[in-house]
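So the chains spell out like this:
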Amino acid sequence: MKKLFEDFKKDIKFKSAGPGKKLTEDASSKPAAAPCSSSSKQSRYAPSEGAQRAGAAALARVEQKQRPKVHTSQDAIRNQVKRELEAEAVALAEKDNAVTAEGSKVKDPACLSVSGVYFTCPLTGATLTKSQREVHIKEAILMRFEEDDIEASVMMVHTFNKDREKVKAAVDIISKYVENICKNPLEEKYRKIKVSNKVFQEKIRPVEGCWEFLQALGFISVMLPVEGQ
């Protein structure tokens with residue numbers, strides 16, 4: 001019985017010693033260790049700094065797309081001003097188009113209250129027909145003599161005479177008379193104009209308003225004796 005217990009103990013001790021070995025196997029070699037899950041976790045490398053930044057940027061883009069845009073008060077003001085300017089531009093364009101269309105319409109002369117060609121007097125502002133214009137302007141210029149006879153006589157010269165060449169010749173001669181008097185105020189001969197002179201008769205007298213201008217300058221009509229007559 002004692003021997004049986006000893007054999008039983010040996011058998012248990014033999015089984016608990018581990019796997020068996022061959023007699024030809026090197027005693028120094030060790031069985032390969034099974035890979036440990038903890039060592040595999042430790043062998044993994046942490047992500048680099050660049051990878052972390054790229055991931056953060058991608059995450060920010062995703063959040064930006066999902067996040068609704070919040071309009072500030074300045075954005076609202078700018079949008080309101082933009083809408084008002086666009087509406088104003090459209091209104092102005094429509095107004096211009098309406099004016100252009102209105103101006104392009106041909107009005108029927110029969111529907112006008114007054115038909116014909118009319119003129120406005122630059123002196124009195126009166127509206128006149130062509131037949132009334134000449135008479136009215138002459139009357140207005142003659143009435144002007146009460147206020148400024150020099151201005152009225154100049155207006156006569158340039159308004160009552162149709163031949164502009166004759167007007168220019170007369171104005172040049174009268175200008176020479178005045179220039180001689182200004183340069184030689186004490187010379188008696190320059191203070192007199194002989195109206196019977198051929199130049200005066202042909203160049204000055206036919207131009208309406210020249211005689212009135214000379215009178216406005218201070219010339220008076222006087223009969224003087226002529227030697228030999």
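Criteria and cut-off values
Residues numbered from 1 in each chain as written. Predicted model: local features only at pLDDT ≥ 70, side-chain atom pairs only at ≥ 80, totals over all residues. Heavy atoms only, no water. Helix = DSSP H or I, 4+ residues; strand = E, 2+ residues; numbered from the N terminus. Buried < 20%, exposed > 50% of the residue type's maximum accessible area, 1.4 Å probe, protein only. Areas by Shrake-Rupley, 256 points an atom, 1.4 Å probe, with all protein chains shown as cover. Core = buried A, V, L, I, M, F, W, Y, C linked by side-chain atoms within 4.5 Å. Contact = heavy atoms within 4.5 Å. Expected span 1.5 Å × (residues − 1). Arc of directions from axis to C-beta. Polar contact = N/O pair within 3.5 Å; in protein donor to acceptor, adjacent residues only side chain to side chain.

The protein is annotated in an unreviewed UniProt entry as PUB domain-containing protein of Xenotaenia resolanae.

This next bit is on the overall build of the protein. When its secondary structure is counted, the protein shows 9 helices and 2 strands. The linear arrangement of helices and strands in the protein, starting from the amino end, is α-α-α-α-β-β-α-α-α-α-α. By the burial criterion, 11% of the 229 residues in the protein qualify as buried. When the accessible surface of the protein is summed, it comes to about 20,100 Å², and 58% of that surface belongs to carbon and sulfur atoms.

This part covers the nonpolar core. In terms of nonpolar packing, the biggest core is built from 12 residues, these being Val157, Val167, Ala170, Ile173, Ile174, Tyr177, Phe200, Ile204, Val207, Cys210, Phe213 and Leu214. Of all the secondary structure elements, the ones that give two or more residues to this core are helix H7 (164–183), helix H8 (198–204) and helix H9 (210–217). Ignoring any residue separated from it by four or fewer positions in sequence, one finds Ile173 in contact with Val199, Lys203 and Ile204.

What follows concerns H7. Taking 1.5 Å of rise per residue, 20 residues should cover 28 Å, and H7 covers 28 Å from first to last C-alpha, within 8% of that figure. Those residues of H7 lying buried are Val167, Ala170, Ile173, Ile174, Tyr177 and Asn180. The arc that holds every buried residue of H7, seen down its axis, measures 160°, which confines them to one face. Exposed and oriented more than 90 degrees from the buried face of H7 are Glu165, Lys168, Cys182 and Lys183. For H7, the N-terminal capping position is held by Asp163, with its side-chain oxygen 3.1 Å away from the main-chain nitrogen of Glu165.

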